[in-house]
Amino acid sequence: MKKLIYIALLLLFGNSLIGQNKLTNALYSLKNNELDKAKLLIDAAAEDTLFQDKAATWYYRGFIYKNLFKENESSNKQSPLRSKSIEYFKKSLEIEPEGTYAESTKKGMTFLAQTIYNHSATSFDPENYELAISNYELYKEVMSIVEPESDFKSKDVMFNLALATTYGRIAEEDEDSTKRATFTDKAKELYEEVLKMDPNNISANYNLGIIYYNEGVEIVNNMDYSLDLFELNAVQDRIIELFKESLPYMKKAYELNPKRRETLIGLQGIYFSLNDIEKSEAFKKELEALDNEGNTATTPTKQSQEAPQDTKLQDEAK
Amino acid sequence: MRRLLSIVLISVLTISTAFSPAYDSQKVDTNAKIKAVYIYNFTKYIEWPSDSKSGEFTIGILGDNDALFSELDKMSKVKKVSNQSFAIKKIESINDVKNPHILYIPDASSTQLNQAVSKLKGKSTLIVTEKPGLAKQGSAINFIFEGNKQKFELNKSIAESHNLKVASTLEDLAVLVN
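Definitions and limits used
Residues numbered from 1 in each chain as written. Chains lettered and ligands numbered in written order. Predicted model: local features only at pLDDT ≥ 70, side-chain atom pairs only at ≥ 80, totals over all residues. Helix = DSSP H or I, 4+ residues; strand = E, 2+ residues; numbered from the N terminus. Buried ≥ 20, exposed ≤ 12 C-beta atoms within 10 Å, placed from the backbone. Contact = placed C-beta atoms within 7 Å. pLDDT = per-residue confidence, 0-100. Pairing = 2+ DSSP bridges. Axes fitted to C-alpha atoms, helices over the stretch in contact; angles between N-to-C directions. Core = buried A, V, L, I, M, F, W, Y, C linked by C-beta atoms within 7 Å. Parallel < 35°, antiparallel > 145°, perpendicular 65-115°, else oblique. Left-handed = near helix turned anticlockwise from the far one by under 90°. Nonpolar A, V, L, I, M, F, W, Y, C, P; charged D, E, K, R; others polar. Expected span 1.5 Å × (residues − 1). Bend = angle between axes of the 7 residues up to and from the residue. Arc of directions from axis to C-beta. Right-handed = clockwise from strand over helix to strand, strands pointing away.

Trainee: Would you mind going over the overall build of chain A in detail, with residue names and values included?
Mentor: When helices and strands are counted, chain A shows 13 helices and zero strands. Counting from the amino terminus, helix and strand elements in chain A follow one another as α-α-α-α-α-α-α-α-α-α-α-α-α. A burial count over chain A gives 40% of its 318 residues as buried. Across chain A, the fraction of contacts at a sequence separation of at least 24, relative to all contacts at a separation of at least 6, is 58%.

Printed below as a string of structure tokens:
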């Protein structure tokens, strides 16, 4: 980076009649790590018609803002400095997509994209999930500029699972039944999307199985004892439909990992609710055998949101 | 950088089980709740003689069926039969049966049906069972499964022999057994 600054300074001195200008001053300040001063100068340079169509101006502006972000807003998940930095890096690339500064610009953008990704990954909770979504979308947008051939499939799978988990927490914790249903449906959609990308995803299969099963159980649990027999008949039809809907997902999860305790419990419960006691008992026996083998997995519980903490990134642009 | 990114991705991957099953123990007995709803409906569509319409409305369960007992117990706290409160009782032995309004005989206790029938002959007790064929062997109502669905058989003549009047609506919904 320092080498690049020296080269830039030489070029700018050579090309300038005055010998010193706003851009070179900004670079001197940057070199001396006077970031606030560098910002003022580079902002002024960017307004100057002499410099505003040069890729260097926008690259250095992006670079200075990036360093300011690192110093002042690295924990701000919606950092304005980072947004500005990305905007300036993009402008530099627009002016010179393959020029002198292109590689360093892309490195700077990649660094910022990773911080955005991390900020997305640490926002999967009921209060901040919208930030997780917007930051993930921004991460993909930036990385698509840096690497137009980027394949986000595996990251999309992980993102959907994490978001579905968050929706699951909201669905389980919120007291508003309408909100619970809405977020359950949202989670369902995300798991379905995961299965389109990765049909053998065990988490998506298991969770979809549980969602449908829980829907049936919830209907039963909420039934009033004085429910009319005609209505009871209709309710039974509906819950059987839900239990049957849950079954293929849970069976798939079992097929993918027959030794997973949660899945065995799930299948035992689903078959029991479908009045197929023989199959329910068979899975109960498998579960007992697994427990006897010394598997210490616990029964499924609400997952806590284990967002990574203090994930620090190295600045590749240094 | 890639190593640190991997740490983040792995952390995200660990968040895999979003929904927990809607039960605490290894299974939830949805059938018990459905049976409780049926039983409450039986008290609406079957009429007991007038001398049984005072005091508590007693439902006895012969032997073990904790899930059903628990559901009926919950029901007893929020429902009544006209002005009669429910009393839900576990009955250890057939010798302890004392003319309840409803006697529920779970599958595991069904070998005691004959004794129950003898003991309750002519008494105003609705005997309810849950094993195939028992509606022809002395119970007035017998829970069955058709496909995955819980239904009930009704032996009207047995009910009448216990001084119970069955509403036609219940007959319409039942699998009739003679």
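Trainee: Run through the overall build of chain B, naming residues and quoting values.
Mentor: A count of helical and extended segments in chain B gives six helices and 10 strands. A burial count over chain B gives 42% of its 178 residues as buried. Nonlocal contacts in chain B, meaning residues at least 24 apart in sequence, comprise 57% of its contacts between residues at least 6 apart.

Trainee: Outline the confidence of the model for chain B, listing residues and values.
Mentor: All names here are of chain B. With 84% of its residues at a pLDDT of 70 or more, chain B shows a mean pLDDT of 88. Low pLDDT (under 50) marks residues 23–27, which in the prediction has eight contacts with non-local residues, meaning those over four places away or in another chain. In the predicted assembly, ipTM is 0.85 and pTM is 0.80.

Trainee: Outline the pairing of strand E7 (residues 141–146) of chain B, supporting the account with residue identities and numerical values.
Mentor: Looking along a regular strand, one sees side chains alternate from face to face of the sheet. Residue and element names in this part refer to chain B. As defined by bridge partners, strand E6 (residues 126–129) adjoins E7 across two bridges and the pair is classed as parallel. Note that in E7 the partner of Thr129 across the bridge is Asn142. Pairing analysis gives six bridges linking E7 to strand E8 (residues 149–154), with the strands arranged antiparallel. For Phe143, the partnering residue across the bridge sits in E8 and is Phe152. Linking E7 back to E8 in an antiparallel pair, the connection comprises two residues, with Gly147 at a positive phi of about 65 degrees.

Trainee: Let's hear about the sheet that holds strand E3 (residues 80–81) of chain B: which residues, and what values?
Mentor: Residue and element names in this part refer to chain B. Spatially, the eight strands line up as an open sheet ordered E3-E4-E2-E5-E6-E7-E8-E10, and their pairing is mixed. Among the strands making up the open sheet, the edge pair consists of E3 and strand E10 (175–176). The strands touched by helix H2 (residues 30–45) are strand E2 (57–62), E3, strand E5 (102–105), E6, E7 and E8; relative to E8, the strand with the most contacts, the crossing angle is about 35 degrees.

Trainee: Go over the confidence of the model for chain A with me, naming the residues and quoting the values.
Mentor: Residue and element names in this part refer to chain A. Taken residue by residue, chain A gives an average pLDDT of 88. The fraction at 70 or more is 86%. Within chain A, the element-level pLDDT minimum falls on helix H1 (residues 2–15), averaging 55, and the maximum on helix H5 (residues 80–95), averaging 98. Within the model, pLDDT remains below 50 along residues 16–20, and this stretch shows three contacts once partners closer than five positions in the same chain are excluded. Low pLDDT, under 50, characterises residues 297–318; the stretch is placed with 57 contacts to residues that sit more than four places away or in other chains.

Trainee: Just give me the short version of unusual backbone geometry, but keep the residues and values in it.
Mentor: One non-glycine residue, A:Asn275, adopts positive backbone phi at about 60 degrees. Its place among the elements puts A:Asn275 in the loop between helix H12 (261–273) and helix H13 (277–292). In this model, B:Asn163 sits at a positive phi of 65 degrees, which is unusual for a non-glycine residue.

Trainee: If you had to explain the nonpolar core to someone new, which residues and values would you point to?
Mentor: Counting residues in hydrophobic clusters, the biggest one holds 120 residues, and the most contacted among them are A:Ala26, A:Tyr60, A:Val142, A:Leu163, B:Leu103, B:Tyr104 and B:Leu126. Considering every element that reaches this core, the biggest residue donor is helix H8 (residues 153–173) of chain A, with 10 residues.

Trainee: Summarise the packing of helix H10 (residues 202–222) of chain A against helix H11 (residues 229–256) of chain A; cite the residues concerned and give the values.
Mentor: In a packed pair of helices, the relevant descriptors are the angle between the two axes and the axis-to-axis distance. Residues and elements named next belong to chain A. Orientation of H10 relative to H11, taken along the N-to-C sense of each, is 160 degrees, at an axis distance of 7 Å. Taken together, the axes of H10 and H11 are roughly antiparallel relative to one another. For the element pair H10 and H11, the recorded crossing hand is left-handed. Here H10 contributes Ile202, Asn205, Tyr206, Leu208, Gly209, Tyr212, Tyr213, Glu215, Gly216, Ile219 and Val220 to the contact with H11, which in turn contributes Val235, Arg238, Ile239, Leu242, Phe243, Glu245, Ser246, Tyr249, Met250, Lys252, Ala253 and Leu256.

Trainee: Explain the environment of A:Glu94 residue by residue, including any values.
Mentor: Residues and elements named next belong to chain A. Residue position: Glu94 is located in helix H5. Look at Glu94 and you get exposed, because 11 C-beta atoms sit within 10 Å. In the structure, Glu94 is positioned 39 residues away from Ala55 in sequence and 8.1 Å away in space, judged by C-alpha atoms.

Trainee: Talk me through the packing of helix H7 (residues 129–146) of chain A against H8(A); I want residue IDs and the actual numbers.
Mentor: All names here are of chain A. Contact pair H7 / H8: the axes reach a minimum separation of 10 Å and the direction vectors enclose 165 degrees. Looking at the two axes, H7 sits roughly antiparallel to H8. Like other packed secondary-structure pairs, H7 and H8 cross with a definite hand, here left-handed. Contacts between H7 and H8 involve Tyr129, Ala132, Ile133 and Tyr136 on the former and, on the latter, Phe159, Leu163 and Thr166. Considered class by class, the residues forming the contact of H7 with H8 number six nonpolar, one polar and no charged.

Trainee: Could you give an account of H11(A), with specific residues and numbers?
Mentor: Residues and elements named next belong to chain A. Taking 1.5 Å per residue as the helical rise, H11 with its 28 residues ought to reach 40 Å, and the 41 Å between its terminal C-alpha atoms agrees with that figure. A maximum bend of about 25 degrees is found in H11 at Leu247, where proline Pro248 lies one to four positions downstream. Where H11 is concerned, the buried positions are Ile239, Leu242, Phe243, Ser246, Tyr249, Met250, Lys252, Ala253 and Tyr254.

Trainee: Kindly report on helix H9 (residues 177–197) of chain A, identifying the contributing residues and their values.
Mentor: Because the α-helix completes a turn every 3.6 residues, residues three or four places apart line up on one side. Residue and element names in this part refer to chain A. With 21 residues, H9 extends 31 Å from end C-alpha to end C-alpha; this agrees with the ideal 30 Å at 1.5 Å per step. Buried within H9 are the following residues: Phe183, Thr184, Ala187, Lys188, Leu190, Tyr191 and Val194. Seen along its axis, H9 keeps its buried residues to an arc of 170 degrees; they face one direction. Along H9, exposed side chains directed more than 90 degrees from the buried face belong to Thr178 and Lys196.

Trainee: Tell me about the pairing of E6(B), residues and numbers included.
Mentor: Residue and element names in this part refer to chain B. By the alternation rule, side chains of E6 split into Leu126 and Val128 and Ile127 and Thr129, which are all buried. Bridge count between E5 and E6: four bridges; the pairing is parallel. Within the sheet, the bridge partner assigned to Leu103 lies in E6 and is Ile127. Taken together, E5, helix H4 (residues 113–119) and E6 constitute a β-α-β crossover, and its handedness is right-handed.

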